Amino acid sequence: MHPKNIAIENYTYSLPADKIALHPLADRDGSRLLVYKDGGIEESIYKNIHQYIPEKSVLVFNDTKVINARIIFTKPTGGAIEIFLLEPWRSDYVTALSATTTTQWKCFVGGISKWKDGVLQLRVADYELRIELKEKLSDAYVVEFNWDGGAGFAEVIETAGKIPLPPYIKRVADVEDADRYQTVYAKDDGSVAAPTAGLHFTEEVFSSLSQKNIVTEFVTLHVGAGTFKPVKAVTMQEHEMHAEWIDVDISVIEHLIANLDNLIVAVGTTSLRTLESLYWLGVKALKHPAAESLSLTQWEVYDELDGSVVVADALSALIIWMKTQKKSSLFTQTQILIAPGYIFKIAKAIVTNFHQPNSTLLLLVAAAVGEDWKKIYSYALENNFRFLSYGDGSLLFIQKNSTN
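Description of the structure in this document. Since the structure is predicted, the reported quantities are computational estimates derived from the model, not experimental observations.

A word on the overall build of the protein chain
Stage number 1. Within the protein chain, the regular secondary structure consists of ten helices and 17 strands.
Stage number 2. Taken along its principal axes, the extent of the C-alpha atoms in the protein chain is 60 × 55 × 45 Å.
Stage number 3. In the protein chain, which comprises 404 residues, the proportion classed as buried is 56%.
Stage number 4. In the protein chain, once contacts between residues fewer than 6 apart in sequence are set aside, the share between residues at least 24 apart is 77%.
Stage number 5. In the protein chain, the 38 positive side-chain charges and the 49 negative ones have mean positions that sit 3 Å from each other.

As for the layout of surface pockets
Stage number 1. The computed volume of the largest pocket comes to approximately 630 Å³.
Stage number 2. Along the walls of the largest pocket sit 27 residues, with Phe108, Asp139, Gly226, Lys229 and His242 positioned nearest its centre.
Stage number 3. Where the lining of the largest pocket is concerned, the elements lending two or more residues are strand E6 (80-88), strand E7 (102-110) and strand E13 (244-249).
Stage number 4. Looking at the lining of the largest pocket, its residues break down into eleven nonpolar, eight polar and eight charged.

Describing helix H6 (residues 269-287)
Stage number 1. Along its 19 residues, H6 runs 27 Å from first to last C-alpha, staying within 8% of the 27 Å computed at 1.5 Å per residue.
Stage number 2. Burial analysis of H6 places 17 of its 19 residues in the buried class, which makes it a mostly covered element.

Section: the environment of Val310
Stage number 1. Here Val310 shows up in the loop between helix H7 (300-303) and helix H8 (311-324).
Stage number 2. Residue classification places Val310 among the partly exposed positions, given a relative accessible area of 48%.
Stage number 3. Put simply, Val310 and Val283 are 27 residues apart on the chain and 9.2 Å apart in space, counted from C-alpha to C-alpha.

Quick notes on unusual backbone geometry
Stage number 1. Located in the positive-phi region is Asn358, a residue other than glycine, with phi close to 55°.
Stage number 2. Looking at where Asn358 falls in the secondary structure, it is placed in the loop between strand E16 (349-353) and helix H9 (360-369).
Stage number 3. A relative accessible area of 23% means that Asn358 is categorised as partly exposed.
Stage number 4. Residues other than glycine seldom take positive phi values, yet Leu388 does so here, at roughly 70°.

Some details on the packing of aromatic side chains
Stage number 1. For the structure on display, the rule yields 28 aromatic pairs.
Stage number 2. With a centroid separation of 5.0 Å and an interplanar angle of 90°, the aromatic rings of Phe61 and Phe201 are classed as edge-to-face. Linking Phe61 in strand E3 (residues 58-62) with Phe201 in the loop between strand E11 (188-191) and helix H4 (203-211), this pair joins segments that are 140 residues apart in sequence. Summarising the burial analysis for this pair, Phe61 and Phe201 share the class buried.
Stage number 3. Geometrically, the ring pair formed by Tyr377 and Phe387 is edge-to-face, given 5.9 Å between the ring centres and 75° between the ring planes. Of this pair, Tyr377 sits in helix H10 (residues 372-382) while Phe387 sits in the loop between H10 and strand E17 (393-397), placing them ten residues apart in sequence.
Stage number 4. Here the aromatic residues Tyr11, Tyr13, Phe354, Trp373, Tyr377, Tyr379, Phe385 and Phe387 are joined through ring pairs into a cluster of three or more.
Stage number 5. The aromatic ring of Phe385 is capped on one face by Arg32, whose charged end is 3.9 Å from the ring centroid.
Stage number 6. Sitting over the ring of Phe397, Lys37 keeps its end group 4.8 Å from the ring centre.

Some thoughts on the pairing of strand E1 (residues 32-37)
As a general feature of sheets, a regular strand has side chains that alternate between the two faces.
Stage number 1. With six bridges joining them, E1 and strand E2 (residues 40-45) adopt antiparallel strand pairing. Counted as the bridge partner of Arg32 is Ile45 from E2.
Stage number 2. Hairpin connection between E1 and E2: a loop of two residues separates the two successive antiparallel strands, and Asp38 in this loop has a positive phi of roughly 50°.
Stage number 3. Two elements, E1 and E17, share four bridges in a ladder whose sense is parallel. Paired with Leu34 across the bridge in E17 is Ser394.

A few points about the sheet that holds strand E10 (residues 141-147)
Stage number 1. Judged by pairing direction, the sheet is antiparallel, and its six strands sit side by side in the order E5-E6-E7-E10-E9-E8 without closing on themselves. Pairing within the sheet leaves two strands with one partner each, and these edge strands are strand E5 (70-74) and strand E8 (119-124). When strand polarity is set aside, the average angle formed by the axes of neighbouring strands in this sheet is 35°.
Stage number 2. On top of the sheet, helix H2 (residues 153-160) reaches E5, E6, E7, E8, strand E9 (127-136) and E10; it is set at about 100° to E9, its chief contact.

Looking at H10
Stage number 1. Of the positions making up H10, those classed as buried are Trp373, Ile376, Tyr377, Ala380 and Leu381. For H10, the arc enclosing every buried residue in end-on projection is 130°, short of the 170-degree limit, so these residues lie on one face.

Reading guide: rules and limits
- Residues numbered from 1 in each chain as written.
- Predicted model: local features only at pLDDT ≥ 70, side-chain atom pairs only at ≥ 80, totals over all residues.
- Heavy atoms only, no water.
- Helix = DSSP H or I, 4+ residues; strand = E, 2+ residues; numbered from the N terminus.
- Buried < 20%, exposed > 50% of the residue type's maximum accessible area, 1.4 Å probe, protein only.
- Contact = heavy atoms within 4.5 Å.
- Lys, Arg positive; Asp, Glu negative; His and termini not counted.
- Charge placed at Lys NZ, Arg CZ, Asp CG, Glu CD.
- 1 Å grid on protein atoms, 1.4 Å probe; cavity = no way out; pocket = protein on both sides within 12 Å on 5 of 7 lines; lining within 4 Å.
- Points joined across faces, edges and corners; volume = space filled by probe spheres on them.
- Nonpolar A, V, L, I, M, F, W, Y, C, P; charged D, E, K, R; others polar.
- Expected span 1.5 Å × (residues − 1).
- Phe/Tyr/Trp six-rings, centres within 6.5 Å; stacked < 30°, edge-to-face > 60°.
- Lys NZ or Arg CZ within 6 Å of the ring centre and 35° of its normal.
- Pairing = 2+ DSSP bridges.
- Axes fitted to C-alpha atoms, helices over the stretch in contact; angles between N-to-C directions.
- Arc of directions from axis to C-beta.

Geometry only, nothing functional implied.
This is the structure we're talking about:
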């Protein structure tokens, strides 16, 4: 079946509210770990994840950092306007976050009917932040931020904003979340949601992996609010997958080529989408070596691109294209939708949390393990695993050549 014809009603389950983790455990690596391989399930904890991964494997992590994307303006009357940063508008993240006087962002706006004045003024530390609506989009707004004082916008929102907890964690973010809703290796500002599979990893876990000669690599995919977007269409053909920015150093791609015979494990759905996107971008580079830019849309991998290209050839073509373009890293957008019917090219296993019903993340899991996703989720529910962002997780070995 073509993924366009998938009915989302076949990828749902009952998730009781008491199974959703509202707070993280005291110890990151104490979270429970469900290990699925060749149809079998066993339990462990993240502290012992190295025991289930062979020597010389490569674990790929997403080192994006969550920004304080929620800015709440309270009017003198008590009404609140919430501005939720999504992504820079017609700019890149580095430029937008390092701006020192003005920047425009695509934003969600809550309480828009209360925004009757042209410019909102918010006192932040020793400077004044001025916020103005510039344009209404189909699904959001373009918002302009202006301030004096020389601080970079990253510093401004660090002070003015709040950590953007997912909508299903129905509580106010507190001091603990500023630390625990970040991975210990978070580096590059840009996400409005955490790559939650990585929340369980500690320096001790990394040490255990290293002692077993398991290599770690880092890519960047800035997670957008679209990761929480439910599929409301009857079939996937009517659902628009969210696009996200990836940033991958050329050395990472070279290292992937050198390790294609070893187990490559994506830590998180974002890392997995990045890895698989690299293959298809390489296929495009092979087909269009003179292209000035490369990106990936939702259905290309199913309808237009040649999936028979050898992985090493695709990645090598991508490196050649980058060198021709004088790029040391690949910074572009991917809209890839991984759903049942997808054939995995690079990743052979995935570390991931338990995801919402009717979500593209659940479709990705089903693409990896086939109909066994039902067995995995039933086991997790029956054995009181904690679900979603602050919950427990799993190590899933991808079924070979699964067409599901």
